[in-house]
Amino acid sequence: MPEITPTAHRRAIASAGLCLVLLVVLSLGIGVEDLSFSGADGAMPLADLLSISRLPRTLAAVLAGAGLAVAGQIMQTLTRNRFVEPSTAGTAQSAALGILIVTLFLPSADLGLKALVASGCALAGTAVFLATAHRLPPEQPYLVPLFGLVYGGVVGAAVTYVAWQNDLLQYLDIWMNGEFSGVLKGRYELLWIAVLVVAAAIFFADRLTIMALGEAQATSLGLDYRRMTQIGLVLVSVMSALSVVVVGLIPFVGLVVPNLVSRLSGDNLRGTLPQVALGGAILVTGCDILGRLIRFPYEIPVGTVMGVAGPGIFLWFILRERRDA
Amino acid sequence: MIEIKSVSLVREGQRVLDAIDLSLPKGGITALVGPNGAGKSTLLSLAARLLPLQAGSITIDGLPVSSTPGKVLARKLAILRQDSGPPPRVSVREMVGFGRFPHSGGRMTAEDREMVAQALDRFELTDLASRSLDRLSGGQRQRVMVAMTYAQGSDYILLDEPLNNLDMYHARKLMIELRRLADETGRTIVIVLHDINHAAASADRIIAMKDGRIAADGTPEKIMRTEVLEAIYGFPVEVVDAGGMRLALQYARSGQPRDQARPS
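Just so you know, these numbers come straight off a predicted model, no measurement behind them. Counting of residues starts from 1 at the beginning of each chain's written sequence and follows it residue by residue. Ligands are numbered from 1 and chains lettered from A, in the order in which they are written. Only residues with pLDDT of 70 or above have their local features reported here, since the model is predicted, and side-chain atom pairs are shown and tallied only from 80 upward, although totals for entire chains, interfaces and linings are computed over all residues.

Some thoughts on the overall build of chain A
Helix and strand assignments follow DSSP, with helices taken as H or I runs no shorter than four residues and strands as E runs no shorter than two, numbered in order from the N terminus. On a plain count of helices and strands, chain A comes out with 13 helices and zero strands. Helices (α) and strands (β) of chain A occur, in sequence order from the N terminus, as α-α-α-α-α-α-α-α-α-α-α-α-α. C-alpha atoms define the radius of gyration in this analysis, and the globule rule sets the expected value at 2.2 Å times the number of residues to the power 0.38. Over its C-alpha trace chain A gives a radius of gyration of 20 Å, about what one expects of a compact globule, namely 20 Å for 325 residues. Each principal axis of the C-alpha distribution contributes one length, and for chain A these read about 70 × 50 × 35 Å. Counting across all 325 residues of chain A, residues that qualify as buried make up 49%. The burial label depends on the number of other C-beta atoms within 10 Å of a residue's C-beta. Counts of 20 or more mean buried, 12 or fewer mean exposed, and intermediate counts mean partly exposed, with C-beta atoms placed from the backbone.

What follows is the structure in structure tokens.
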């Protein structure tokens, strides 16, 4: 791989940005309701349609995608393992447990409180995962994602059991399968916190890159490793919880995007984190558009589209690389 | 000066270090030698605050390692350990540049860049500067790590088995470079070595550890004797004078009778 210069990073960011803008325009234009200026034939006026439904939906996809991809990148840095992401490490399942607890004991709670409790639970659940992952032998990198899958499965099973006992299974389905069709003005604004998560990650980019060298090396370079781990945990947990609360679980974004960016642009996060954020936004917005087009006028949830597209892209990329090498 | 006072460490019920007292004055190369599991790497890790102290105290120029902020210590002392993690996809130049993090906090100044260029030059990495770390051989990567540790610009440099993965040329070259560093810039280098002959050839002082204690401590002339080495390693090591050096003939030779089992 040739050296990745700042110019190359800027070029990648510019083309990803352009791609995202095109997808956003496309996303605004697609829907059952035709876009019309007059509001004739009883159609909704254009401004209302855009501001109440299309724009919130598109923004939610962009924000969730960017935030989840960055969360995945941070998770991979904390574990020093490229094969984990929040939805395969118990974070998303723990967040769902949080929402379940709020729904059981405070059914009238608003979205903000749900997000707060979900974040707290996600934090605790991810901390347990991380503490265990650090005890696994580093010579066997596949143990970490394997443990994550088992751990996420156990937490998820507990959530399902409690939900089943309390007749809340259909809610669970909403949380665990991400989709944007329910996103309306007034119901997605919490996702703007994703901007803060991405900004914080970019602010800490150098420190995160150094963390990826391992605890010993990072400590030798004067980094407060523990503190950075805590910060990373909070960012990952808040982002995953927000996504589960507002739009439901979207798998694979945090896994696929950081790996693609790493292969194309390397691991110096100062240059690559904006690309990870843009890549996540592109992937989720793109999958949402696909989900709306495949069975038009019906919709396929974005979580389902991602479940097929994510691994597909990942496999294609890995196999392509092998052929080139 | 690195001052180690009655440092002990117990891990999983095993006594790894047993009341170590040691003071390493500023300057020169000190080699830590001894059999596997003697506690050399552990002692180094404690001095570099990579492990928490259980008993005793360690100070670097009067700064206690247990309570001095990490950033302050990072300018005083750098450590390089063996690491089993996957190599990151960053260029050699970027990697060496991370060594400047305690000074630059990520924003490199002209001085930082100059130091990186110098480190690349010193360790013969200038030609590889643009190469990604995951496209290097193990030995090349090892040199990058040493260059990064050097670029950190600390007075004290602790190296844990830096000759691992290095071929004969680069091992020799690294020892020469470390000697030059110590002589020209007054850096204090503490290095864990397995090859006692490298220690004898380059170090000013050899400290031999065994079973968590210091078994021998002195100049290479004092340590490079059959009876001293036998006490450390548990077999009679023939020592010869050749080419103006004391050389331990540690190697197995065909036709030689097997070592007697010795009660230790």
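What follows continues from the structure just given.
Considerations on the overall build of chain B
Within chain B one finds 10 helices and 12 strands. Taken over the C-alpha trace, chain B has a radius of gyration of 19 Å; the compact-globule value for 264 residues is 18 Å, and the two agree within 12%. Across its three principal axes, chain B shows a C-alpha extent of roughly 60 × 45 × 35 Å. The buried share among the 264 residues of chain B stands at 41%. Each residue is represented by a C-beta atom placed from its backbone, and any two residues with such atoms within 7 Å are regarded as in contact. Counted over contacts in chain B with a minimum sequence separation of 6, partners at least 24 positions apart contribute 64%.

Topic: the sheet that holds strand S6 (residues 77-80) of chain B
All names here are of chain B. Read across the sheet, six strands follow the order S6-S7-S8-S3-S9-S10 without closing on themselves; strand pairing throughout is mixed. The sheet is open, and its two edges are formed by S6 and strand S10 (213-218), each paired on a single side. Within the sheet, the average angular offset between the axes of one strand and its neighbour, ignoring direction, is 15°. Looking at chain direction, strand S9 (residues 205-210) and S10 are connected through five bridges and run antiparallel. Among the inter-strand pairings, methionine 209 is bridged to a residue of S10, identified as isoleucine 214. Two strands form a pair only when DSSP identifies at least two bridges running between them. Lines fitted to C-alpha atoms define the axes, with helix axes restricted to the stretch in contact, and inter-axis angles between N-to-C directions lie between 0 and 180 degrees.

Some words on the interface of chain A and chain B
Contacts between the two partners involve 23 residues from chain A, matched on the other side by 25 residues from chain B. Secondary-structure elements contributing two or more residues to the side of chain A that touches chain B are helix H8 (205-211) and helix H9 (215-220) of chain A. The element contributing the most residues to the side of chain A that touches chain B is H9 of chain A, with four residues. Here the term charged refers only to Asp, Glu, Lys and Arg, the term nonpolar to Ala, Val, Leu, Ile, Met, Phe, Trp, Tyr, Cys and Pro, and the term polar to all other amino acids, Gly among them. Looking at the side of chain A that touches chain B residue by residue, the classes come out as nine nonpolar, eight polar and six charged.

Remarks on the packing of helix H3 (residues 91-105) of chain A against helix H6 (residues 169-176) of chain A
Residue and element names in this part refer to chain A. In contact at an axis separation of 11 Å, H3 and H6 are set at 145° when each is read in the N-to-C sense. Between H3 and H6 lies a crossing whose hand is right-handed. Facing H3, whose interface residues are Ala96, Ile99 and Thr103, H6 presents Tyr171, Leu172, Trp175 and Met176. For the contact of H3 with H6, the residue count by class is six nonpolar, one polar and no charged. Should the near helix be turned anticlockwise from the far one by less than a right angle, the crossing is left-handed, and should it be turned clockwise, the crossing is right-handed.

Regarding the environment of serine 108 of chain A
Residues and elements named next belong to chain A. Among the secondary structure elements, serine 108 is positioned in the loop between H3 and helix H4 (111-133). Take serine 108: there are 7 C-beta atoms within 10 Å of it, and that puts it in the exposed class. Along the chain, serine 108 and leucine 283 lie 175 residues apart, while their C-alpha atoms are 34 Å from each other.

Notes on the nonpolar core
Only buried Ala, Val, Leu, Ile, Met, Phe, Trp, Tyr and Cys residues enter a nonpolar core, and they are joined through C-beta atoms within 7 Å. Among the nonpolar cores identified, the biggest contains 168 residues, and Ala60 and Val70 of chain A together with Ala147 of chain B are the most heavily contacted of them. Element by element, the count of residues in this core is highest for helix H2 (residues 46-79) of chain A, at 14 residues.

Points about the confidence of the model for chain A
Keep in mind that low pLDDT regions are not for reading the predicted coordinates in detail. Considering every residue of chain A, the mean pLDDT works out to 90; 94% of them sit at 70 or more. The element-level mean pLDDT for chain A is lowest in helix H13 (residues 302-324) of chain A, coming to 83, with helix H7 (residues 193-203) of chain A highest at 96. A residue's pLDDT is the confidence the predictor assigns to it, expressed on a 0 to 100 scale.

As for helix H7 (residues 168-185) of chain B
Residues and elements named next belong to chain B. One less than the number of residues in a helix, times 1.5 Å, gives the span that helix is expected to have. With 18 residues, H7 should reach 26 Å at 1.5 Å per residue; the first-to-last C-alpha distance of 25 Å fits that figure. Among all positions in H7, only Leu174, Met175, Leu178 and Ala182 are buried. Down the axis of H7, the buried side of the element spans an arc of 95°, and every buried residue falls inside it. Residues Tyr169, Ile176, Arg180, Asp183, Glu184 and Thr185 are exposed on H7 and point more than 90 degrees away from its buried face. Where the residues of H7 are buried, they touch strand S3 (28-33), helix H6 (138-151), strand S8 (188-192) and helix H8 (196-202). At the exit of H7 stands glycine 186, carrying a positive phi of roughly 70°. The directions considered for the arc run from the helix axis to the C-beta atoms.

Side note on the sheet that holds strand S4 (residues 55-60) of chain B
Residues and elements named next belong to chain B. Pairing in this open sheet of four strands is antiparallel, and the strands run S2-S1-S4-S5 from one edge to the other. The open sheet has two edge strands, strand S2 (14-24) and strand S5 (63-64), and neither has a second partner. When S4 meets S5, the two strands line up antiparallel, connected through two bridges. Residue threonine 59 lies in a different strand from S5, and its bridge partner there is proline 64. Sitting on the sheet, helix H1 (residues 40-47) is in contact with strand S1 (2-11), S2 and S4, with an inclination near 120° to S1.

Overview of H2 of chain A
Over its 34 residues, H2 of chain A extends 47 Å from the first C-alpha to the last, a length consistent with the 50 Å expected when each residue adds 1.5 Å. Counting buried residues in H2 of chain A gives 24 out of 34 residues, a clear majority hidden from the surface.

What about the environment of proline 102 of chain B?
Residue placement: proline 102 of chain B occurs in helix H4 (residues 101-104). On the basis of neighbour count, proline 102 of chain B is assigned to the buried category, with 22 C-beta atoms found within 10 Å. Residues proline 102 of chain B and glycine 70 of chain B, spaced 32 residues apart in sequence, show a C-alpha to C-alpha distance of 9.2 Å. Those residues in contact with proline 102 of chain B that sit more than four places away from it in its chain are Leu221 and Gly222 of chain A together with Lys71, Ala74, Arg75 and Gln152 of chain B.

Remarks on unusual backbone geometry
Residue phenylalanine 296 of chain A is joined to proline 297 of chain A through a cis peptide bond whose omega torsion reads 5°. Secondary-structure assignment places proline 297 of chain A in the loop between helix H12 (269-293) and H13. Within the chain, serine 6 of chain B stands out as a residue other than glycine whose phi angle is a positive 35°. Among the structural elements, serine 6 of chain B can be located in strand S1. At arginine 49 of chain B, a position not held by glycine, the phi torsion is positive, near 50°. By the element assignment, arginine 49 of chain B lies in the loop between H1 and S4. Note on arginine 49 of chain B: 22 C-beta atoms within 10 Å, which makes it buried.

Description of the environment of arginine 10 of chain A
Its place among the elements puts arginine 10 of chain A in helix H1 (residues 6-29). In the structure, arginine 10 of chain A is positioned 45 residues away from leucine 55 of chain A in sequence and 27 Å away in space, judged by C-alpha atoms.

Observations concerning the packing of H1 of chain A against H12 of chain A
Residues and elements named next belong to chain A. Remark: H1 packs on H12, axes separated minimally by 9 Å, with the N-to-C direction vectors making an angle of 20°. Considering their axes alone, H1 and H12 lie roughly parallel with respect to each other. The two elements H1 and H12 meet at a crossing, and its hand is left-handed. In this structure, H1 uses Pro6, His9, Ala12, Ile13, Ala16, Gly17, Cys19, Leu20, Leu23, Val24, Leu26 and Ser27 to contact H12, whose residues at the interface are Gly271, Pro274, Gln275, Leu278, Gly279, Ala281, Ile282, Thr285, Gly286, Asp288 and Ile289. Across the contact of H1 with H12, the residue classes tally to 14 nonpolar, eight polar and one charged. In what follows, roughly perpendicular refers to angles from 65 to 115 degrees, roughly parallel to angles under 35, roughly antiparallel to angles over 145, and oblique to any angle outside these ranges.

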